[in-house]
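If you want the building blocks of each chain, they are given just below.
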Amino acid sequence: MEAFKLNNGRTIPAVGLGTWKSKPGDVGEAVKAALKAGYKHIDCAAIYGNEKEIGEALKSCIGTTVNREDLFITSKLWNTKHNPKDVAAAAKKTLDDLGLDYLDLYLIHWPLSFEDGDVPFPKDEQGNMIYAYHDPCDTWKAMEKLVEEGVVKAIGLSNFNSRQVDEVIKKAKVKPAVNQVECHPYLNQEQLIEHCKKSNVLVTAYSPLGSPDRPWAKPDEPLLLEDPKMVEIGKKYGKTPAQVGLRFQIQRGLVVIPKSVTPARIQSNLEVFDFELSAEDMKVIESFNIPFRVCVPMIEVGGKKVPRDAKHPHYPFNDPF
């Protein structure tokens, strides 16, 4: 297993198991299958609603299949817990659910905040989101205390744009170790990746294969794993299009966290360290960039689908990158 060094000196495995959209009853078995296959990195989040089941799976494997010190467990602070006074309790809840004494990485899931409380998606009587407006830098200060207390080894960001990353870094005592963002060949995030590299912030690619199982996909939207060029490149190396897509990101210096609950696919997603894409093939895949973002919360306004949170001052996708 290849690994990358974080700016705090610790390492993060290049491939992790994503658990977003993994259903109850499936996610625990997926984690067990992943650890058995040789995964050491599991990516979680409170909002996924499955951390308790993941915790049960980890408990059954730690000390038998794997040792805790060999694992890298990530989780994320949800949008309703951005008030600095709520951060420690949210982290404790995640640790209790996962059955762990510490997290290897804890991320602010989104830069924008929702109304404080325990309702994950608070809405008014008309069905509109109820927002809060906590400064992400204030939330970050509370995240830093978790590192000081030793309950979190590294802290980072998710879905932050380049300007927002810079704003946090300017005020940080503990620099963000990671920015986890949607990234796949149709949205290769080259500018954001280069920007983060300059500040020694590692990028993790979520939905690295374009999230083909997303429930809101439209029939006319591109499918990375069926792209003839991806299929052709895969044949050249004796690999699947998915393995090519993951290898592409790893060669760019990115961590990937593909989601699967199928043991054979979980195993296959790890088999990306025995080949290397040529410079020519890397350029072909780089040319796929549209850019096409698949993970944007949308609502219907006047018969049209529009980004739900675009008017929030901390919405990240109004900036170029």
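Residues numbered from 1 in each chain as written. Predicted model: local features only at pLDDT ≥ 70, side-chain atom pairs only at ≥ 80, totals over all residues. Heavy atoms only, no water.

- In the annotation of an unreviewed UniProt entry, the protein chain is listed under the name Aldo-keto reductase family 1 member A1 and assigned to Acropora cervicornis.
- Under Sequence similarities (unreviewed entry), UniProt gives the following word-for-word description of the protein chain: "Belongs to the aldo/keto reductase family." (UniProt positions renumbered as here; feature names shortened; annotations may be inferred.)

**Remarks on the pairing of strand E10 (residues 178-182)**
Here comes step 1: Along E10, five of the five residues are buried, which leaves the element largely enclosed by surrounding structure.
Here comes step 2: Bridge analysis of strand E9 (residues 155-158) against E10 gives two bridges, and the strand direction is parallel. Considered in E10, the bridge of Leu-157 is made with Asn-179.
Here comes step 3: At this point the chain moves from E9, through helix H5 (residues 162-171), to the parallel E10, and the crossover so formed is right-handed.
Here comes step 4: Where E10 and strand E11 (residues 202-206) come together, five bridges link them in parallel fashion. Bridged to Asn-179 within E11 is Val-203.
Here comes step 5: Once you follow E10 into helix H6 (residues 190-198) and on to E11, the crossover reads as right-handed. (Buried < 20%, exposed > 50% of the residue type's maximum accessible area, 1.4 Å probe, protein only. Helix = DSSP H or I, 4+ residues; strand = E, 2+ residues; numbered from the N terminus. Pairing = 2+ DSSP bridges. Right-handed = clockwise from strand over helix to strand, strands pointing away.)

**Considerations on the packing of aromatic side chains**
Here comes step 1: Within this structure, the stated rule accounts for nine aromatic pairs.
Here comes step 2: Centroid distance Trp-20 to Trp-216: 6.2 Å. Interplanar angle 40 degrees. Geometry classified as tilted. One end of the pair, Trp-20, is in the loop between strand E3 (17-18) and helix H1 (27-37); the other, Trp-216, is in the loop between E11 and helix H7 (228-237), with 196 residues separating them in the sequence.
Here comes step 3: Aromatic pair Trp-78 and Phe-114: ring centres 5.8 Å apart, planes at 80 degrees, arrangement edge-to-face. On the criterion of sequence distance, the pair formed by Trp-78 in the loop between strand E5 (72-77) and helix H3 (84-98) and Phe-114 in strand E7 (residues 113-114) is long-range, its members being 36 residues apart.
Here comes step 4: For Trp-78, a relative accessible area of 9% corresponds to the buried category.
Here comes step 5: Through a chain of ring-to-ring contacts, three or more aromatic side chains come together here, namely Trp-78, Phe-114, Phe-121 and Tyr-131. (Phe/Tyr/Trp six-rings, centres within 6.5 Å; stacked < 30°, edge-to-face > 60°.)

**Observations concerning the UniProt feature "active site" (unreviewed entry) in the protein chain**
Here comes step 1: UniProt tags Tyr-48 as "active site" (unreviewed entry).
Here comes step 2: Note on placement: Tyr-48 falls in the loop between strand E4 (41-43) and helix H2 (51-61).
Here comes step 3: Sequence-distant contacts of Tyr-48, that is, excluding residues within four places in its chain, are made with Thr-19, Trp-20, Asp-43, Lys-76 and His-109. (Contact = heavy atoms within 4.5 Å.)

**Looking at the pairing of E9**
Here comes step 1: Alternating positions in E9 separate into two faces, Ile-155 and Leu-157 on one and Gly-156 and Ser-158 on the other, with burial throughout.
Here comes step 2: Pairing geometry for strand E6 (residues 105-108) and E9, over three bridges, is parallel. Across the sheet, residue Leu-107 finds its bridge partner in E9, namely Gly-156.

**Observations regarding the environment of Gln-191**
Here comes step 1: With respect to the helices, strands and loops of the structure, Gln-191 is situated in helix H6.
Here comes step 2: By relative accessible area, Gln-191 is classed as exposed at 52%.
Here comes step 3: Put simply, Gln-191 and Leu-246 are 55 residues apart on the chain and 19 Å apart in space, counted from C-alpha to C-alpha.

**So, the UniProt feature "binding site: substrate" (unreviewed entry) in the protein chain**
Here comes step 1: As recorded in UniProt, the sites labelled "binding site: substrate" (unreviewed entry) are His-109.
Here comes step 2: One can find His-109 in the loop between E6 and E7.
Here comes step 3: If sequence neighbours within four positions are ignored, His-109 has contacts with Ala-45, Ile-47, Tyr-48, Lys-76, Leu-77, Trp-78, Asn-79, Ser-158 and Asn-159.

**Side note on the packing of H3 against helix H4 (residues 136-149)**
Here comes step 1: Interaxial distance between H3 and H4 falls to 8 Å at its minimum, and their mutual angle equals 40 degrees. Classified by the interaxial angle, the pair formed by H3 and H4 is oblique. Judged by the twist between their axes, the crossing of H3 over H4 is right-handed. Every residue of H4 that contacts H3 at Pro-84, Val-87, Ala-88 and Ala-91 is listed here: Asp-138, Thr-139, Ala-142, Met-143 and Leu-146.
Here comes step 2: Its residues placed into classes, the contact of H3 with H4 shows seven nonpolar, one polar and one charged. (Axes fitted to C-alpha atoms, helices over the stretch in contact; angles between N-to-C directions. Parallel < 35°, antiparallel > 145°, perpendicular 65-115°, else oblique. Left-handed = near helix turned anticlockwise from the far one by under 90°. Nonpolar A, V, L, I, M, F, W, Y, C, P; charged D, E, K, R; others polar.)

**Observations concerning the nonpolar core**
Soluble globular proteins: nonpolar side chains tend toward being buried together.
Here comes step 1: Formed by 92 residues in total, the largest nonpolar core has its most connected members in Leu-58, Ile-73, Tyr-106 and Met-143.
Here comes step 2: Counting residues per element, this core draws most heavily on H1, at six residues. (Core = buried A, V, L, I, M, F, W, Y, C linked by side-chain atoms within 4.5 Å.)

**Description of the pattern of salt bridges**
Here comes step 1: Going through the model one piece at a time under the given rule, you end up with 17 salt bridges.
Here comes step 2: With its nearest N and O atoms 2.9 Å apart, the salt bridge here joins Asp-104 to Arg-68. Highlighted residues: Asp-104 in the loop between H3 and E6 and Arg-68 in the loop between H2 and E5, separated in sequence by 36 residues. Here the two residues Asp-104 and Arg-68 agree in accessibility, since each one is buried.
Here comes step 3: Counted as one network, the salt bridges with shared partners bring together Arg-10, Arg-68 and Asp-104. (Salt bridge = Lys/Arg side-chain N within 4 Å of Asp/Glu carboxyl O.)

**Observations regarding the confidence of the model for the protein chain**
Here comes step 1: For the protein chain, the average pLDDT comes to 96, and 100% of its residues sit at 70 or higher.
Here comes step 2: No element of the protein chain has a lower mean pLDDT than strand E13 (residues 298-301), at 90, and none a higher one than E6, at 99. (pLDDT = per-residue confidence, 0-100.)

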